[in-house]
Amino acid sequence: MIGLIGGSALTELSGFEDFVFQEKKNFHTPYGASSAPIVLGRIKNQSVAFLPRHGESHQWPPHRINYRANLWSLREAGVKNVLALATVGGISPAFETGVMALPDQLVDYTWGREFTLYDDEQVNGVTHIDFTQPYCQVFRERILQSAQHCGLNVLDHGTYAVTQGPRLETAAEIRRLAHDGADMVGMTGMPETSLARELGLNYATLALVVNAAAGQGVSGKKIDLQAAAQVSRSLVGAALKLFIKMCSDGH
Ligand code: HPA
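Residues numbered from 1 in each chain as written. Predicted model: local features only at pLDDT ≥ 70, side-chain atom pairs only at ≥ 80, totals over all residues. Heavy atoms only, no water.

## Remarks on the overall build of the protein chain
Regarding its fold elements, the protein chain presents five helices and 10 strands. Against the compact-globule benchmark of 18 Å for 251 residues, the protein chain has a radius of gyration of 17 Å, which places it among compact chains. Considering only C-alpha atoms, the protein chain reaches an extent of 45 × 45 × 35 Å along its principal axes. Every one of the 251 residues in the protein chain was classed for burial, and the buried ones make up 53%. Sequence separation of 24 or more characterises 80% of the internal contacts of the protein chain that already satisfy a separation of 6 or more. Entry remark: accessible area of the protein chain is about 11700 Å², with carbon and sulfur atoms responsible for 49%. Taking the 21 positively charged and 24 negatively charged side chains of the protein chain as two groups, their mean positions are separated by 4 Å. (Helix = DSSP H or I, 4+ residues; strand = E, 2+ residues; numbered from the N terminus. Rg over C-alpha atoms; globule rule 2.2 N^0.38 Å. Buried < 20%, exposed > 50% of the residue type's maximum accessible area, 1.4 Å probe, protein only. Contact = heavy atoms within 4.5 Å. Areas by Shrake-Rupley, 256 points an atom, 1.4 Å probe, with all protein chains shown as cover. Lys, Arg positive; Asp, Glu negative; His and termini not counted. Charge placed at Lys NZ, Arg CZ, Asp CG, Glu CD.)

## What to know about the pairing of strand E8 (residues 159–162)
In E8, alternate side chains face the same way, and those of Thr159 and Ala161 on one face and Tyr160 and Val162 on the other are all buried. The sheet contact formed by strand E7 (residues 105–108) and E8 spans four bridges and is parallel. Across the sheet, residue Val107 finds its bridge partner in E8, namely Ala161. Taken together, the three bridges between E8 and strand E9 (residues 184–186) define a ladder with parallel strand orientation. (Pairing = 2+ DSSP bridges.)

## Some thoughts on unusual backbone geometry
Residue Pro166 follows Gly165 across a cis peptide bond; omega there is -5°. Counting through the fold element by element, Pro166 comes out in the loop between E8 and helix H3 (171–179). Of the consecutive residues Met190 and Pro191, the connecting peptide bond is found in the cis state with omega at 10°. Note that Pro191 resides in the loop between E9 and helix H4 (192–198). The phi dihedral of Lys44 falls on the positive side, at around 50°, and the residue is not glycine. Here Lys44 shows up in the loop between strand E3 (38–43) and strand E4 (46–52). Classification of Lys44 by relative accessible area gives partly exposed; the value is 47%. Phi is positive for Asn45, which is not a glycine, with a value near 70°.

## Topic: the site of the ligand
Looking at the ligand, the residues that line it are Thr87, Val88, Gly89, Leu168, Glu169, Val185, Gly186, Met187, Val210 and Asn211. Here a nitrogen atom of the ligand sits 3.3 Å away from a polar atom, N or O, in the main chain of Thr87. Within the contact set of the ligand, a nitrogen atom lies 2.6 Å away from a side-chain nitrogen or oxygen of Asn211. For the ligand, whose accessible area on its own is 260 Å², the fraction buried by protein is 92%. Going through the elements one at a time, strand E5 (81–90), E9 and strand E10 (202–212) are the ones with two or more residues in the shell around the ligand. Top element by residues in the shell around the ligand is E5. It accounts for three residues. In the shell around the ligand, the residues fall into five nonpolar, four polar and one charged. (Near = heavy atom within 4 Å. Polar contact = N/O pair within 3.5 Å; in protein donor to acceptor, adjacent residues only side chain to side chain. Nonpolar A, V, L, I, M, F, W, Y, C, P; charged D, E, K, R; others polar.)

## What to know about the nonpolar core
Counting 38 residues, the largest nonpolar core has Leu4, Leu83 and Leu206 as the members making the most contacts within it. Of all the secondary-structure elements, those providing two or more residues to this core are strand E1 (2–6), E3, E4, E5, helix H2 (137–149), E10 and helix H5 (225–248). Setting aside residues no more than four positions away along its own chain, Leu4 makes contact with Leu10, Leu13, Ala49, Phe50, Leu51, Leu83, Leu85, Leu240 and Phe243. Judged by nonpolar contacts, the second largest core, of 35 residues, contains Phe27, Ala49, Val162 and Leu201. (Core = buried A, V, L, I, M, F, W, Y, C linked by side-chain atoms within 4.5 Å.)

As structure tokens, then:
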């Protein structure tokens, strides 16, 4: 089963013609409730589980999302591969507004979030996960192939800086992130990505660049949030086209 985590611009799949709805299901987790019930269904004969990360009415800000319950629930639903949509601000020149990218690295600037399943005294010794490559390379390759099959341009690299939010960054913070090697900035990539690894899920982020980051280009003085929302609506259409192609390609 393939999982789709919807970001800011995608809170539901129903009404979407290729999606055959089966049921909405709440899974019991050790961490409480997920952001919303998991929506189960099919696209092109592929079983799909959808979760709107911010909740059905977009009510959970990035630092309050129950990432542990979300990933746990997807695994309980039977998901193996997770495509996570994320709107981001573009920092380096190739990551201009309107671009879609599959980041291959991240830097975590978040704090105070529940970020691990290995939180208690570990009776069998402390567990560490390898996180050298934070995203599943095999799954990323398949996504890139499907993008090619449906004629969508997706950048095959990039470092995603994950900030705490919910406020946007200062221009100086973005200069610092650029100095740290970041190509894009968003607020929800962590701890989602490392929890997926802890749970053994194959996880990749599809980043949608919806604005120039603070202080960059047209965001020199201010970020136009209305324009960003509009870009994000149109990019979600392209992201869904890619997701359908992945389903029909059997990924
Ligand atoms: N910064 C952080 N998160 C974001 C941005 C941004 O500029 N745009 C969309 N999500």
